[in-house]
Amino acid sequence: MALSDKILGGIFGLFRQPLVSYCDLETVDGSSLLTTKGEYITLIEIHGSRRMFNAGDVDAKVEKLRLDIQSGFEFQGHGLQAWFATDPGLIVEAIATHLAGPRATARELDINLDDIFNERERVFPKLMRWERCFLVVWSRRALLTRDEEKIVSAEQTKLADGAPSLTNTQNIFLATDLLATKHTAFVARVVTALRGIDVACDELDPRDALRCIREAIGQTTEPHWRAILPGDPVAPRLPDGKPKKGQVDFLLWPSLSSQLLADDAETEGMRIVTMGAYEWTTVEVTVGPEDARSFSELVARMAASNIPWRMSMWVEGGGAILAGLKSGIATMLAFDPTNRAVMRAFQNLRHLKETTAEVTVRWRCSFATWAPRGERATLRRQAAVLAQRVQAWGNCNVGLTAGDPLEALMGSALGLAFGSTAPSGTPPISQALRMLPWGRPASAWRKGSVLFRSPDGRIAPYDPSGSGRGAVFTLIVAPPRFGKSTLANAINLGLCLSTASQGTLGARLPLIGKIDVGDSAEGFVLLLRNGLPVERQNEAIYVRLRFRSGYEYNPFDLQLGCRHPLPLERSFLINFLSLATLSQDASVGFEGMNQFIGLVIDEAFRMFSDIGENVTPKVYVPGTVPTIDAYLTTNAIRIEATHPWWWEIVDVLCARGEYELAGLAQRHAVPILEDLISAARADRIRGDFSFRGKETSETLAEMFERYIKSLIREIPTLNKATSLDFGPARVIVLDLQEVAPSGSADADRKTALIYMLARHIIGRNFFLHPDYLVHVPDAMKAYHAPRFREFKESVKRLDYDEYHRTKASPFVRAQVVRDLLEGGKHNVQIVVASQSIEHFDDDLIRNTNEQIVLGARDDKERETIIKRFQLSEASAFVLRNRLTGPDRNGGGAPFLMVAEVDNAKYEQMMVNSLGPIELWALSTTPLDVHLRTRLYSMLGPAEARRRLALVFPNGSAEGEIRRRRDERLTRDADQAVIEAGVTDELAQDIYDGRGIAIMLRGFEPQPVRQTYREAAE
């Protein structure tokens, strides 16, 4: 250390002894803390940068920050303390805290997911890291002019005149409006400047600030601890001995120092401090970096060491004064070669000041690390690692300059007192701002039911419930086997465990409807079903749609008791039939067809209603629905008509509150597809559309009839009363694998019809609104009012997967865009996923507010994604170089997320890291799915997942199955038969605990809840 620094260290150093003497905090004034010297303090929590950045971005951000706040540092008075800490020892508690909400929700929903939660608590701490960062804004009395100082002193003297002694309590007479105003303005400027460079930050109120300060010191803090402040009720304390005359402190609020500092501290030698349950040591920067680097570089260097450490960096105004003083001392001591170099450095700074607009600041920086008591060797190793990493951070010099190690340690504490024992440097403000810890990756949410992580391990909560957004419109793009389906399943599971499950009727699963081609979401549904009590397992359903008996669905079904469709239901029917009557080589329907279809729909419902003239309601046929027959007979219900109508049965059952039976009856009262032919032949319809089109010699009615007959032949399940009953299901996945063909124009048209039908099946009630009650018969308003209200208030999610299957259908894509535009006001989240950016139209991309990219097929597609998503250069670099698919060693699947939350844009690289149990639960790889299904039936879901995770901790048995298959291919020819046999054989090995699963013999099986298959049997 240079001799001038030693001299200044003697001038500025203060001798302190008791631990509480290192705390200058006195009381509060409004939104700020006050010190014993009348200084104002505000804590700003720095959550990090909302967007990734490269070196060029750093230069621009630093310059903008400098321009915004530099004027506050031209003179003494304002100061910033940047404080950062990371502690592997706190990650377990942090993970448990993040999981507490989802665990509580699972308990309220009565879903047994204990194996998932327990695994997260085991696995996440190995992959994630706890960290926090604050910026403490100080405003000192030096900001006041001489006249202002006189005014303030006079005011404070007048206020305190006649007041009792406040020695051991909080002095409430230190506040001053003059300094408070200057402080508030500077804090606002700092916060605005940080947000202006895309830094997410929050100004803390004094209570939260004091709690953070106490925790940062290392004190054990109870969850409900609150500082006692002026105005709070306080229990009187008995003083030691007889109170002195005028002593009242034992009746007032305890001093902040006594509330914050509960432990004693002991020093050992020149470096070690024992405080609380830990031993501490300090590393100070004695000479600042030769090349000022961003703080993120230091964090990256420290990440691999996995040690606890904290940093305190001070930036103060008046650097020019300090530089002049040190320069003068250096001139006097020019005989010291070190100080000649220092003098030249200050001359360079003076030249910089004269040639640029930058000011110089006073800069100090110190670090600390800690280890449990008695682990001295660990502490020394950590200190050596910390010193080495800090030295490499732009070529700093490090050491310990304070004579008192406790004073040095408390200098790195958060917000206790102004200053540090670390030697002062006087860099240009831009260099100091560059080194502040504002660039860590920020998550858009402080808490969430899904936990992702940054590439270097920072926890990144994700809230799928939609907090911070008026609507959720998500687009997901990824090539096959890049983790798209697993990520989608994890997010949907998170939605079930989020606040979306909390409503006016208590905890219930959110309404999720997913359209998929394949069984990628079956694992998610099975996880819910098997976790629910047996009697509620039908709340989550996976259905592979088929064109055969048992899968009939009538798109003309109505809300119970209604004789006509609601406006949104009528719009769907028009769109659906317009697509059905579209020629294969056309993108626009025949002239007048839409109007014709609308009239036919209205006529069909009029004809088969029981209200009005010239109607022909459908006649009740006993034996059609045996449960209805039995109810009518058992309750001696007689219908006066000789041949009663189904509508009469519906009304009778509704009047008795038998709504489920009424719904079954109504399925036979409404029109079906073939009834449209009769409606189209009605004179009132045919008369206005007797002209023949340009494209064909047929009239619209004849053309319509031909297309309807063709549709009935192609999809006969549409021409019968509905039998596809989801009952109380709230999570529905429709797998269109067997009904969504591809490869021809006719197949594309059929697939488009099925997509529209599937969307109607799962989302028919998603857009209900209390305003629609005007279309409901008076007798049914009381029944539908709470339904419509619940649907309006509930979070709903409509998920379109394998979106490329709709590329030949503008009708389907227009419907999805309509869902995007209408979804927000109906609380409907829309998710669209596909394998390529080419599958998404510009309208779709323009209306989404969240894009998730897990990778791209080639360089051409990467560039297309960059252009169409308008990615920054930093995000473009990530897409080009770092999205390489799931880590084979279990590190997770990286992805890029671009999201708009709270009117701010976030652009971050994150990693979806799941443990082996959860990977097995949500796996979508066909070979793994077959093995999981086999073991679910043999062992029960929880035990099957546990064993699979032990035998295949990377979440896949694909390699072992292929190895066994290849061994048999030389003897057998049928690969499908071989794979099935290999899967059965491997499942049996795992069941028996032999061969590759021999290690299972050391583990006792865990009790599991009955499977849904067992329940069905």
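Reading the values: the criteria
- Residues numbered from 1 in each chain as written.
- Predicted model: local features only at pLDDT ≥ 70, side-chain atom pairs only at ≥ 80, totals over all residues.
- Heavy atoms only, no water.
- Helix = DSSP H or I, 4+ residues; strand = E, 2+ residues; numbered from the N terminus.
- Buried < 20%, exposed > 50% of the residue type's maximum accessible area, 1.4 Å probe, protein only.
- Areas by Shrake-Rupley, 256 points an atom, 1.4 Å probe, with all protein chains shown as cover.
- Salt bridge = Lys/Arg side-chain N within 4 Å of Asp/Glu carboxyl O.
- Core = buried A, V, L, I, M, F, W, Y, C linked by side-chain atoms within 4.5 Å.
- Contact = heavy atoms within 4.5 Å.
- Phe/Tyr/Trp six-rings, centres within 6.5 Å; stacked < 30°, edge-to-face > 60°.
- Lys NZ or Arg CZ within 6 Å of the ring centre and 35° of its normal.
- Polar contact = N/O pair within 3.5 Å; in protein donor to acceptor, adjacent residues only side chain to side chain.
- Disulfide = S-S within 2.5 Å.

Asker: What is the right way to look at the overall build of the protein chain in this model?
Answerer: Of the regular secondary structure elements, the protein chain holds 36 helices and 25 strands. Out of the 1017 residues belonging to the protein chain, those deemed buried represent 58%. In the structure as shown, the protein chain presents an accessible area of about 42900 Å², 51% of it carried by carbon and sulfur atoms.

Asker: Even after reading the chapter, I still don't get the pattern of salt bridges, so can you show me in this structure?
Answerer: If the charged atoms of two oppositely charged side chains come close together, the side chains can form a pair. Enumeration according to the criterion identifies 75 salt bridges in this entry. Among the ionic pairs, Glu802 bridges to Lys484, the shortest N-O distance being 3.7 Å. With a gap of 318 residues between them, Glu802 in the loop between β21 (796–800) and α27 (810–823) and Lys484 in helix α15 (residues 484–496) connect regions that are remote in the sequence. Close ionic contact of Arg857 with Glu838 constitutes a salt bridge, the shortest N to O distance being 3.5 Å. Of this pair, Arg857 sits in the loop between β23 (850–853) and α29 (859–868) while Glu838 sits in the loop between β22 (828–834) and α28 (842–847), and the two are 19 residues apart along the sequence. Because the salt bridges share partners, they merge into one network encompassing Glu960, Arg963, Arg964, Glu967, Glu985, Asp989, Asp992 and Arg994.

Asker: I keep staring at the nonpolar core and nothing clicks. Help me out?
Answerer: Note on soluble globular proteins: their nonpolar side chains tend to be buried together. One finds Phe596, Leu734 and Leu736 to be the most contacted residues of the largest nonpolar core, which totals 126 residues. For this core, the element with the most residues is helix α25 (residues 745–763), which contributes 9 residues. Those residues in contact with Leu736, other than ones at most four positions away along the chain, are Ile515, Asp516, Val517, Leu545, Ile754, Tyr755 and Ala758. Counting residues in each nonpolar core, the second largest holds 97 residues, with Trp370, Leu416, Leu509 and Leu532 among its members.

Asker: Honestly, the packing of aromatic side chains in this entry has me stumped. Any pointers?
Answerer: For any pair of aromatic rings, the description rests on two quantities: the centre-to-centre distance and the angle between the ring planes. Summed over the entire model, instances satisfying the criterion amount to 22 aromatic pairs. Judged by centre distance (5.0 Å) and plane angle (70°), the rings of Phe84 and Phe295 are edge-to-face. Residue Phe84 is found in strand β4 (residues 78–86), and its partner Phe295 is found in helix α9 (residues 295–303); the two are separated by 211 residues along the sequence. The exposure class of Phe84 is buried, given its relative accessible area of 0%. By relative accessible area, which is 2% here, Phe295 ends up buried. Both rings, one in Tyr803 and one in Phe840, keep their centres 6.1 Å apart while their planes meet at 20°; by these two values the pair is stacked. Of the two residues, Tyr803 is situated in the loop between β21 and α27 and Phe840 in the loop between β22 and α28; the sequence distance between them amounts to 37 residues. Accessibility classification places Tyr803 together with Phe840 in one group, the buried group. Ring pairing ties together the aromatic residues Phe84, Phe295, Trp309, Phe367 and Trp393, which thus form one cluster. The positively charged end of Arg140 is found above the aromatic ring belonging to Phe418, 3.9 Å away from the centroid. Positioned above the aromatic ring of Tyr707, the side-chain terminus of Arg706 is 5.0 Å from the ring centre.

Asker: Looking at this structure, how should I read the side chain of Asp404?
Answerer: Take Asp404: it is sitting in the loop between β12 (397–399) and α13 (405–410). What makes Asp404 buried here is its relative accessible area of 17%. One polar contact links Asp404 to Tyr22, side chain to side chain, over a distance of 2.9 Å.

Asker: It is not clear to me how the state of the cysteines should be interpreted in this structure. Could you clarify?
Answerer: In a disulfide, the sulfur atoms of two cysteines are covalently bonded to one another. Summed over the entire model, instances satisfying the criterion amount to 0 disulfides. Not part of a disulfide, Cys365 finds its nearest cysteine sulfur in Cys396, a span of 7.4 Å. Residue classification places Cys365 among the buried positions, given a relative accessible area of 0%.

Asker: I'm lost on unusual backbone geometry in this one. Help?
Answerer: Trans is the prevailing form of peptide bonds, just as negative phi is the prevailing case for residues other than glycine. Positive phi values are uncommon outside glycine, yet Asn614 reaches one of about 55°. Residue position: Asn614 is located in the loop between α18 (593–607) and α19 (626–634).

Asker: Could you clarify how one ought to interpret the environment of Thr105 in this entry?
Answerer: Along the chain, the position of Thr105 falls in helix α3 (residues 91–109). A residue is classified by how much of its surface remains accessible, and Thr105, at 7% relative accessible area, is buried. The spatial distance from the C-alpha of Thr105 to the C-alpha of Leu509 is 9.8 Å, given a sequence separation of 404 residues. Setting aside residues no more than four positions away along its own chain, Thr105 makes contact with Cys496, Leu497, Ser498, Ser501 and Gln502.

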